[in-house]
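Chain by chain, the residues:
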Amino acid sequence: QNDPAAYRGAAIAGQVCAQCHSVSTIDAQSPVSVAPSFMSVANRPETTTHSLSRWLTSSHPTMPNYMFTQQSVSDLVAYIMTLSDQAPGNDRSAR
């Protein structure tokens, strides 16, 4: 990864999100079976940088309530978007 934001996002994902989600570049089974892998999230047709940012800043009953800084959210989004099959020419990033 050449993008510093994606690099920081990968570190955050490994420290925080990997407790429940598969956060690697391999679409492995997540530690918690109901938690989607980051790769599967990145490859959903409806996933955009905007939708991920909104999702990461909203509370969800099935997830711990992490309070990420805006910088951390941006970094996580940058990392997740690198996992898309369409990255780096991914036009979903602008939506």
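**Examining the overall build of the chain**
Line of reasoning, step 1. What the chain contains, in helices and strands, is four helices and zero strands.
Line of reasoning, step 2. Each helix and strand of the chain, placed in order from N terminus to C terminus, yields the pattern α-α-α-α.
Line of reasoning, step 3. Among the 95 residues that make up the chain, the fraction classed as buried is 38%.
Line of reasoning, step 4. Across the chain, the fraction of contacts at a sequence separation of at least 24, relative to all contacts at a separation of at least 6, is 54%.
Line of reasoning, step 5. For the chain, the accessible area works out to roughly 5,800 Å², and carbon and sulfur atoms hold 56% of it.

**Regarding empty space enclosed by the protein**
Line of reasoning, step 1. Tallied over the full model, the rule gives one cavity of 30 Å³ or more.
Line of reasoning, step 2. When its volume is computed, the largest cavity comes out at roughly 90 Å³.

**Focus: the packing of aromatic side chains**
Line of reasoning, step 1. Taken as a whole and assessed by the stated rule, the structure comprises one aromatic pair.
Line of reasoning, step 2. With a centroid separation of 5.7 Å and 35° between ring planes, the pair formed by Tyr66 and Phe68 is classed as tilted.
Line of reasoning, step 3. On the basis of relative accessibility, which here comes to 34%, the residue Tyr66 falls in the partly exposed class.

**Notes on the pattern of salt bridges**
Line of reasoning, step 1. Evaluated as defined, the whole model comprises one salt bridge.
Line of reasoning, step 2. Ionic pairing is found between Arg8 and Asp75, a salt bridge with its closest N-O pair at 2.9 Å. Of this pair, Arg8 sits in helix H1 (residues 4-15) while Asp75 sits in helix H4 (residues 70-82), placing them 67 residues apart in sequence.
Line of reasoning, step 3. When its relative accessible area of 38% is taken as the criterion, Arg8 is described as partly exposed.
Line of reasoning, step 4. For Asp75, a relative accessible area of 3% corresponds to the buried category.

**Some remarks on the packing of H1 against H4**
Relative orientation and spacing of two packed helices are given, respectively, by the angle between their axes and the distance between those axes.
Line of reasoning, step 1. Here H1 crosses H4 at 95°, and the two axes come no closer than 7 Å. Considering the angle they form, H1 stands roughly perpendicular to H4. Each of Ala5, Ala6, Arg8, Gly9, Ala10, Ile12 and Ala13 in H1 lies in contact with H4, whose residues at this interface are Gln71, Ser72, Asp75, Leu76, Ala78, Tyr79 and Thr82.
Line of reasoning, step 2. Of the residues in the contact of H1 with H4, the class split is eight nonpolar, four polar and two charged.

**A few points about the layout of surface pockets**
Line of reasoning, step 1. Considering only enclosed or pocket space, the largest pocket measures out at about 500 Å³ in volume.
Line of reasoning, step 2. For the lining of the largest pocket, the secondary-structure elements that each account for two or more residues are helix H2 (38-42) and helix H3 (49-56).
Line of reasoning, step 3. Examining the composition of the lining of the largest pocket, we find that four residues originate from one element, H3, more than from any other.
Line of reasoning, step 4. Its residues placed into classes, the lining of the largest pocket shows 17 nonpolar, six polar and two charged.

The rules behind these values
Residues numbered from 1 in each chain as written. Predicted model: local features only at pLDDT ≥ 70, side-chain atom pairs only at ≥ 80, totals over all residues. Heavy atoms only, no water. Helix = DSSP H or I, 4+ residues; strand = E, 2+ residues; numbered from the N terminus. Buried < 20%, exposed > 50% of the residue type's maximum accessible area, 1.4 Å probe, protein only. Contact = heavy atoms within 4.5 Å. Areas by Shrake-Rupley, 256 points an atom, 1.4 Å probe, with all protein chains shown as cover. 1 Å grid on protein atoms, 1.4 Å probe; cavity = no way out; pocket = protein on both sides within 12 Å on 5 of 7 lines; lining within 4 Å. Points joined across faces, edges and corners; volume = space filled by probe spheres on them. Phe/Tyr/Trp six-rings, centres within 6.5 Å; stacked < 30°, edge-to-face > 60°. Salt bridge = Lys/Arg side-chain N within 4 Å of Asp/Glu carboxyl O. Axes fitted to C-alpha atoms, helices over the stretch in contact; angles between N-to-C directions. Parallel < 35°, antiparallel > 145°, perpendicular 65-115°, else oblique. Nonpolar A, V, L, I, M, F, W, Y, C, P; charged D, E, K, R; others polar.

The values are spatial; any link to function lies outside them.
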